[in-house]
Amino acid sequence: MKLKRYIALLGLLLMLGIIAQFVINESKTIEAKIEEQILKKDNTFKELVHFDIRNDKIYSFYKNRIYDNLDGLGMGIIEEDRKMITHILGGIPIYSNTGFTYGTGESKEINEFIIYGTITNPEITKIEVNGSDCDIIRAKDFDLWYYFADDSSSRISILAKDKNGKVILEEVL
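This structure is a prediction, so every number in the text was calculated from the model and none was measured.

Draft legend 1. Layout of the environment of aspartate 42. Within the secondary structure, aspartate 42 sits in the loop between α2 (30-41) and β1 (45-54). Aspartate 42 has contacts with Tyr62, Asn64 and Ile88, leaving out every residue within four places of it along the chain.

Draft legend 2. Examining the pairing of strand β6 (residues 112-119) more closely. Within β6, eight of the eight residues are buried, leaving the element largely enclosed by the surrounding structure. Every second residue of β6 is oriented toward a common face, with Glu112, Ile114, Tyr116 and Thr118 on one face and Phe113, Ile115, Gly117 and Ile119 on the other, all of them buried. For strand β5 (residues 100-107) and β6, the ladder comprises eight bridges, and the chain directions are antiparallel. Residue pairing for β6: threonine 101 is matched across the bridge by threonine 118. In this sheet, strand β10 (residues 143-148) lies alongside β6 in antiparallel orientation, the contact comprising six bridges. Following the sheet pairing, tyrosine 116 is matched in β10 by tyrosine 146.

Draft legend 3. Examining the pattern of salt bridges more closely. According to the stated counting rule, one finds 13 salt bridges in the structure shown. For the salt bridge of lysine 28 with glutamate 36, the shortest nitrogen-to-oxygen distance reads 2.5 Å. Residue glutamate 36 is classed as partly exposed on the basis of its relative accessible area, which comes to 32%. Several salt bridges converge on common partners, so that one network encompasses Lys126, Glu128, Asp133 and Lys161.

Draft legend 4. Broad picture of the environment of isoleucine 66. Secondary-structure assignment places isoleucine 66 in strand β2 (residues 57-66). Classification of isoleucine 66 by relative accessible area gives buried; the value is 10%. Ignoring sequence-local partners within four residues, the contact set of isoleucine 66 consists of Asp71, Gly72, Ile92 and Pro93.

Draft legend 5. Structural detail: the packing of aromatic side chains. The tally for this structure, following the rule as stated, stands at seven aromatic pairs. Ring geometry for phenylalanine 61 versus tyrosine 116: centroids 5.9 Å apart, planes at 55 degrees, classification tilted. Of the two residues, phenylalanine 61 sits in strand β2 while tyrosine 116 sits in strand β6, which places them 55 residues apart along the sequence. In this structure phenylalanine 61 comes out as buried when scored by relative accessible area, which is 0%. On the basis of an interplanar angle of 5 degrees and a centroid distance of 5.7 Å, the ring pair of phenylalanine 100 and tryptophan 145 is categorised as stacked. In this pair, phenylalanine 100 sits in strand β5 while tryptophan 145 sits in strand β10, placing the two residues 45 residues apart along the sequence. The exposure class of phenylalanine 100 is buried, given its relative accessible area of 6%. The buried category is assigned to tryptophan 145, whose relative accessible area is 0%.

What counts as what
- Along each chain, the written sequence defines residue order, and numbers are assigned to residues from 1.
- Given that the model is predicted, a residue must reach a pLDDT of at least 70 before its local features are reported, and side-chain atom pairs must reach 80 or more before they are shown or counted; all residues, however, enter totals for whole chains, interfaces and linings.
- Side-chain figures throughout are based on the complete set of non-hydrogen atoms in the structure, without hydrogens or water.
- For the purposes of this entry, the term helix denotes a DSSP run of H or I that reaches at least four residues, the term strand denotes a run of E that reaches at least two, and both are numbered from the N terminus.
- In this analysis, two residues are considered to be in contact whenever any of their non-hydrogen atoms come within 4.5 Å of each other.
- Burial classification: accessible surface area is computed with a 1.4 Å probe over protein chains only, and a residue below 20% of its type maximum counts as buried, one above 50% as exposed, and the rest as partly exposed.
- Any two strands with at least two DSSP bridges between them are considered paired.
- Salt bridge, as used here, is a side-chain nitrogen of Lys or Arg placed within 4 Å of a carboxyl oxygen of Asp or Glu.
- Centres within 6.5 Å are what make two rings of Phe, Tyr or Trp a pair, Trp counting through its six-membered ring; a difference in plane orientation under 30 degrees is then read as stacked, over 60 as edge-to-face, and the rest as tilted.

Such coordinate-based values are descriptive only and should not be taken to indicate function.
Listed below in structure tokens is the structure:
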């Protein structure tokens, strides 16, 4: 009889533990969930810079360490479902001699191709990829820009412009 009570009590405690874990997990901020997922895949993660949610995917940009301990900008996609599968698509340097960096992140597995980079040159105020304006986000010590491309097989033209529209840098991929 006592054994049945202990088993029942143990079962109740187990259920309460599961419920408490679910409540704690659901109460985390989206930023905390993103950081947790990225850290599972990229141990060079330093801090989340920006995220964008589109089509049940979280596109995350974060500071990390690359190469010889240089500051980098990592890029990852988290599939927003119960499993929260994370795909790390690359990393690029934040700083360069021109004050402009770019890179590509591609995943054939989830059919994604993103062009992204940083701006530290104060003259650059606008980025165009194939004639379309890019999103530019102000971070602490640099600007982040990104563009969602249809595919990686076509020619890609990147223009970095000043506030008057003058082309400062041009890159072709």
